[in-house]
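Chain by chain, the residues run as shown.
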Amino acid sequence: LSISSLAKECCVAEATVFRFCRALGFEGYHEMRIALAQANATGALVNQHVPEPDADTAALCEHASALLMTTINGTQNNLSPEAVDKASELMHKARQVYCLGQGGSMYIANDICARFACISTKFRTAGDSHMQLITASPEDVVLFVSYSGATRDMLETLRAAKAAGAKIILLTHYEDSPGAKLADIVLLCGAQESPLDSGNIPVKVALLYVAEVLVLRYTMDDPENANAAQDRTSEALAVKML
């Protein structure tokens, strides 16, 4: 749970949860989460059994398959079709769409940008957090990827984009995160991540699943231009193939 989710479940303010963590001797909520995860660590991923120590590769394949299917199913249940429709509409109206993220999420944002670049020339990215602060204008959309929705650099970027008048679409797991409160549209993934398993592949799959749904919706909303752009992309790249 995020600090916002825990506070809501306990019917208290976020400040109360923070003071509770400090009273236990932690610097903040994140440090307490890590300590709890370490104290209860069994090696198990959420809702999954741990492979036996002598498991063969076939068993590991089945384990990974079950884990990814659970991730996709959970994301499908959490993702709002109405939110996807609104996000696609915003991107079609935008002058430019900036696909952004921080850390490992930046790689996912780059993949999303590359996918959309085959459909439209309006998609951009900016890897440096300083450059992200100065990218967006009132006619632009920022598509930001952040599983937690609660990192300092992300909040700086989103606040700057919002102050500039840009629209914000956030891909995240937490609908009550600080980033979600700044976003115009929130697209939720259903994967769960332990504090001790940061950057795991199922989370990336969940976020890319959301992105693929968004790509399909964007394409279907303007099939003529999208198909023409994909044809031009295929022709341009054909000379690169052996």
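Everything that follows concerns the structure shown earlier in this document.
Cut-off values and rules
Residues numbered from 1 in each chain as written. Predicted model: local features only at pLDDT ≥ 70, side-chain atom pairs only at ≥ 80, totals over all residues. Heavy atoms only, no water. Helix = DSSP H or I, 4+ residues; strand = E, 2+ residues; numbered from the N terminus. Rg over C-alpha atoms; globule rule 2.2 N^0.38 Å. Buried < 20%, exposed > 50% of the residue type's maximum accessible area, 1.4 Å probe, protein only. Contact = heavy atoms within 4.5 Å. Areas by Shrake-Rupley, 256 points an atom, 1.4 Å probe, with all protein chains shown as cover. Lys, Arg positive; Asp, Glu negative; His and termini not counted. Charge placed at Lys NZ, Arg CZ, Asp CG, Glu CD. Axes fitted to C-alpha atoms, helices over the stretch in contact; angles between N-to-C directions. Parallel < 35°, antiparallel > 145°, perpendicular 65-115°, else oblique. Left-handed = near helix turned anticlockwise from the far one by under 90°. Nonpolar A, V, L, I, M, F, W, Y, C, P; charged D, E, K, R; others polar. Phe/Tyr/Trp six-rings, centres within 6.5 Å; stacked < 30°, edge-to-face > 60°. Polar contact = N/O pair within 3.5 Å; in protein donor to acceptor, adjacent residues only side chain to side chain. Pairing = 2+ DSSP bridges.

So, about the overall build of the protein. Looking only at helices and strands, the protein has 11 helices and five strands in total. For 242 residues, the compact-globule estimate of 2.2 N^0.38 gives 18 Å, and the protein sits close to it at 20 Å. Split into buried and exposed, the 242 residues of the protein put 38% on the buried side. When contacts within the protein are restricted to residue pairs at least 6 apart in sequence, those whose partners lie at least 24 apart make up 66%. A total accessible area of about 13600 Å² is found for the protein, and carbon and sulfur atoms account for 56% of it. Measuring between centres, the 19 positive side-chain charges of the protein sit 9 Å from its 28 negative side-chain charges.

Next up on the list: the packing of helix α4 (residues 57–78) against helix α10 (residues 201–221). At a closest axis distance of 9 Å, the pairing of α4 and α10 adopts a crossing angle of 40°. What the angle tells us is that α4 and α10 run oblique. In this structure, α4 crosses over α10, and the sense of that crossing is right-handed. Of α10, the residues touching α4 (which contributes L67, L68, T71, I72, T75 and Q76) are P202, V205, A206, Y209 and V210. Looking at the contact of α4 with α10, its residues break down into eight nonpolar, three polar and no charged.

Another aspect to go through is the environment of E175. You can see E175 is positioned in the loop between β4 (167–172) and α9 (178–182). Through-space distance from the C-alpha of E175 to that of S148 is 9.5 Å; in sequence the pair is 27 residues apart. Excluding anything up to four places from it in sequence, E175 contacts A180 and L188.

Attention shifts here to the packing of aromatic side chains. According to the stated counting rule, one finds four aromatic pairs in the structure shown. Measuring from centroid to centroid gives 4.4 Å for F116 and F123, while their planes differ by 10°, and the two rings are stacked. By the burial criterion, F116 is buried, and F123 matches it. Centroid distance F116 to Y218: 5.5 Å. Interplanar angle 85°. Geometry classified as edge-to-face. Residue F116 is located in helix α6 (residues 104–117), and its partner Y218 is located in helix α10; the two are separated by 102 residues in the primary sequence. Each member of the pair F116 and Y218 is classed as buried. Ring pairing ties together the aromatic residues F116, F123 and Y218, which thus form one cluster.

Our next topic: the side chain of S120. Summarising the element assignment, S120 is placed in the loop between α6 and β2 (123–125). A distance of 3.2 Å separates a polar side-chain atom of S120 from the backbone nitrogen of K122.

Ordered by their spatial adjacency, five strands build an open sheet running β2-β1-β3-β4-β5, and the pairing between neighbours is parallel. With partners counted over all chains shown, the strands left at the sheet margins are β2 and β5 (185–188), one partner each. For this sheet, the mean angle separating the axes of adjacent strands, direction not counted, is 20°. Pairing analysis gives four bridges linking β4 to β5, with the strands arranged parallel. Residue pairing for β5: I169 is matched across the bridge by I185. Seen against the sheet, α6 touches β1 (97–101), β2, β3 (141–145) and β4 and runs at an angle of roughly 155° to β1. Contacts between helix α8 (residues 152–164) and the sheet are confined to β1, β3 and β4, with β3 contributing the most and set at about 165° to the helix.

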